[in-house]
Amino acid sequence: MGPRQYDGTFYEFRTYYLKPSKMSEFLKNVKKNIYLRTAHSELIGFWSVEFGGRVNKVFHIWKYDNFAHQIEVQKALAKNKEWQEQFLIPNLPLIDKQEWEISYLVPWCKIENPPKEGVYELVSFQMKPGGPALWGDAFQRAVNSHVNLNYAKLVGVFHTEYGVLNRVHVLWWHESPDSRAAGRHQSHEDPRVVAAGQESANYLVSQQNMLLIPTSFSQLK
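Residues numbered from 1 in each chain as written. Predicted model: local features only at pLDDT ≥ 70, side-chain atom pairs only at ≥ 80, totals over all residues. Heavy atoms only, no water.

Draft legend 1. Region of interest: the layout of surface pockets. Approximately 530 Å³ is the volume found for the largest pocket. What lines the largest pocket is a set of 28 residues, and nearest its centre among them are Phe125, His146, Arg184, Gly197 and Gln207. Listing elements by their share of the lining of the largest pocket, those giving two or more residues are strand S5 (119–127), helix H4 (132–147), strand S7 (167–174), helix H5 (177–188), helix H6 (191–201) and strand S8 (204–214). (1 Å grid on protein atoms, 1.4 Å probe; cavity = no way out; pocket = protein on both sides within 12 Å on 5 of 7 lines; lining within 4 Å. Points joined across faces, edges and corners; volume = space filled by probe spheres on them. Helix = DSSP H or I, 4+ residues; strand = E, 2+ residues; numbered from the N terminus.)

Draft legend 2. Here's a closer look at the packing of aromatic side chains. By the definition in use, this model includes 14 aromatic pairs. Between Arg37 and the ring centre of Trp62, over which it is positioned, the NZ or CZ distance is 4.0 Å. (Phe/Tyr/Trp six-rings, centres within 6.5 Å; stacked < 30°, edge-to-face > 60°. Lys NZ or Arg CZ within 6 Å of the ring centre and 35° of its normal.)

Draft legend 3. Summary view of the side chain of Glu121. In this fold, Glu121 is placed in strand S5. Glu121 gets classed as buried once you look at its relative accessible area, which sits at 6%. A distance of 2.9 Å separates polar atoms of two side chains, one belonging to Glu121 and the other to Asn209. (Buried < 20%, exposed > 50% of the residue type's maximum accessible area, 1.4 Å probe, protein only. Polar contact = N/O pair within 3.5 Å; in protein donor to acceptor, adjacent residues only side chain to side chain.)

Draft legend 4. Local environment of the sheet that holds strand S4 (residues 95–105). Ordered in space as S1-S3-S2-S8-S5-S7-S6-S4, the eight strands form a closed barrel in which the pairing is antiparallel. The sheet shows a mean angle of 35 degrees between the axes of neighbouring strands, direction not considered. Sheet topology places strand S6 (residues 153–162) next to S7; six bridges connect them, and they run antiparallel. Bridging across to S7, Leu154 finds its partner in Trp172. The sheet contacts of helix H1 (residues 23–38) involve strand S1 (10–18), strand S2 (42–51), strand S3 (57–64) and S4, and relative to S3 the element is tilted by about 10 degrees. (Pairing = 2+ DSSP bridges. Axes fitted to C-alpha atoms, helices over the stretch in contact; angles between N-to-C directions. Contact = heavy atoms within 4.5 Å.)

And the structure:
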């Protein structure tokens, strides 16, 4: 997977677990007031979780130039009365739990915009300790074996810096859940994908995925 990027840019992965029956209220409020947040840093995507794990969950990705930029954003938001009164205070009672990670894009990948609206799949891989020097090349070959089948578009590959370490997130775009299912069946029968997957699996501890539906205010649709 190679060395970490040198430009300092990183991505904040945020997951909010909402209280039952509060999803619609939360998303309505976010849509109305998200401009207060995007004035300070770039929103890559904002999704509701359709399948995979707990329900009533949203996932969003924010981009920062570096850690100094993130600190500046947090200070600016803390002083912003509109943000506090219109967004933060109304939404906090709706949220049951929050999780976030700091991740870097792997050096061989850039965020790519899909050709049209669709659905997204976030696949998270927990790898064995040792870092990219141990499993990076095999992991890259496994990802590229799926890319080469053209049944999905690779949006980005991220390596966690803060959070659960030795974790890699792969974000895919699919035209629909059915096209995703058909592509997966095709990939399971392709000997190149099978071979690359078996090699990477030697370094794998566990994996999980989520099917994500983009919101109307998400940059990635």
